[in-house]
Amino acid sequence: MYIIAENIHIISPKVKEAIADRDAKFFQDLAVKMVEAGASAVDLNIGPQKKAGHEILPWLVETVEKVVDVPLVFDTTNLAAIEAACETVSKAQPIINSTDAREERLEQVPLVAKKFNTRLVALTMAEGMIPVGADERVSIALEKLIPRMLEIDFPISDLIIDPLVLTVSGCQEYCPECIEAVRTLKFAWDPPPLTNGGLSNVSNAVPNEMRPLINRTYMVMLMGAGIDMVIADPLDEDLKEWIRVVEERDESSALNRLLLKLHDRVAAMEELQPEDVDMPDPAQADIWKTIQVVLNKVIYTDSYLRV
């Protein structure tokens, strides 16, 4: 699994402070730690940064490239900052995160990606709200995003479609639809575009102690649907272990066999059944309950997952 490390994110107070202080060592130590943990790329999320983004993002690129060689992801809505970062990067092909189907973004951002030979994340959203249904999200990709790439002769092999992972807390109905959107996108074009999702978004606004299990369970389900990459925490050892179990088909424990059954059920367009789960086993029962929430079968409440 291609993991884009999410840990350099402006929402983190430590990251925000380190940016303000131009603390190069903080970012270099973190980047090395993430890559050593298995990150395939490093996301540099600076937020909008309307005033100083064109200075901050190139500085981050220079800083991080001194210690790691993996691709960097330019994660901001500030197009001037993205262009400045593209002019600065000197190692692996970077990724711009992101465009979407809104007219102004779709007009401008793909041209920058083509000019600088980057890969490009494209979100399945247009004007207004993010569509709930998988069909609507796929339609945005087929009718807006991919045609724009073809129009400017942008390589589909460098296009990464993100059908938008949203949280079970408040946007629960979106969660199963995102899985189906990933599945359908694999058949949307020839060759199919890569697919990506911001994994930890599925547990936003959920109590911290409950987030990891939701993330890991959703990861296995997305893998069953065929996702190619995720923005996630490479320092989460349990998450990486579940990914390994699926990728290596490790059936050495009852829990592993359940994870493989979950993956295979999703891959076959089926749902995990009660008879697949050893309910007296608390770990398996917790996974079952989490799946019911993710599939929007049971209304999410903190108490449901705690009991």
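My aim in this report is to walk through the structure given alongside it, one point at a time. Position labels on residues start from 1 in each chain and follow its written sequence. At least 70 in pLDDT is required for a residue's local features to be given in this predicted model, at least 80 for side-chain atom pairs to be given and counted, and no such filter applies to totals for whole chains, interfaces and linings, which use all residues. Just so you know, side-chain values use all the structure's heavy atoms and leave hydrogens and water out.

1. Some points on a nonpolar patch on the surface
Logical step 1: Excluding any residue in a salt bridge, patches collect residues exceeding 30% relative accessible area, merging like charges within 9 Å and nonpolar Val, Leu, Ile, Met, Phe, Trp and Tyr side chains within 5 Å. Here the Shrake-Rupley method, with its probe set to 1.4 Å, supplies the accessible areas, and only the displayed protein chains count as covering residues. The working definition used for a salt bridge is a side-chain nitrogen of Lys or Arg within 4 Å of a carboxyl oxygen of Asp or Glu. Among the surface-exposed residues, Leu142, Leu150 and Trp189 lie close enough to one another that they form a single nonpolar patch of about 250 Å² accessible area.
Logical step 2: A helix here means a DSSP run of H or I that spans at least four residues, while a strand means a run of E at least two residues long, and both kinds are numbered starting from the N terminus. Considering the arrangement of structural elements, one finds Leu142 in helix H6 (residues 134–151).

2. Quick word on the pattern of salt bridges
Logical step 1: Considering all chains together, one arrives at 16 salt bridges under this definition.
Logical step 2: When the shortest N-O distance is used, the salt bridge between Glu107 and Arg148 registers 3.6 Å. Within this pair, whereas Glu107 is found in helix H5 (residues 103–115), its partner Arg148 is found in helix H6, the two being separated by 41 residues in sequence.
Logical step 3: Each residue gets one of three labels from its accessible area relative to the maximum for its type: buried under 20%, exposed over 50%, partly exposed in between, using a 1.4 Å probe on protein chains only. On the accessibility criterion, Arg148 (9% relative accessible area) is buried.
Logical step 4: For Arg244, the salt bridge goes to Glu248, with nearest N and O atoms at 2.7 Å. Of this pair, Arg244 and Glu248 both sit in helix H9 (residues 237–248), four residues apart, which is roughly one turn of that helix.

3. Considering the layout of surface pockets
Logical step 1: A cavity here means a set of points on a 1 Å grid, drawn over the protein atoms and nothing else, where a 1.4 Å probe fits but cannot get out; a pocket is an open set with protein on both sides within 12 Å along at least five of seven lines, and a residue lines either one if it has an atom within 4 Å of a point. Grid points are joined across faces, edges and corners, and a volume is the space filled by probe spheres set on the points. The calculated volume of the largest pocket comes to roughly 1200 Å³.
Logical step 2: For the largest pocket, the lining is made up of 40 residues, of which Glu6, His9, Asn45, Ser200 and Asn201 are closest to its centre.
Logical step 3: Of all the elements in the fold, those that place two or more residues in the lining of the largest pocket are strand S2 (41–45), strand S4 (95–99), strand S5 (119–123), strand S7 (194–198), helix H8 (211–225) and strand S8 (229–232).
Logical step 4: Here the residues of the lining of the largest pocket sort into 13 nonpolar, 17 polar and ten charged.
Logical step 5: Taken as a whole, the second largest pocket holds about 200 Å³ of empty space.
Logical step 6: Lining of the second largest pocket is provided by 14 residues; of these, Glu180, Arg183, Glu270, Glu271 and Leu295 occupy positions nearest its centre.
Logical step 7: Those elements that provide at least two residues to the lining of the second largest pocket are helix H7 (174–185) and helix H10 (254–267).
Logical step 8: Looking at which element gives the most residues to the lining of the second largest pocket, the answer is H7, with five residues. Residue polarity follows a fixed list, in which Ala, Val, Leu, Ile, Met, Phe, Trp, Tyr, Cys and Pro are nonpolar, Asp, Glu, Lys and Arg are charged, and the others, Gly among them, are polar.

What is shown is where atoms sit, not what they do.
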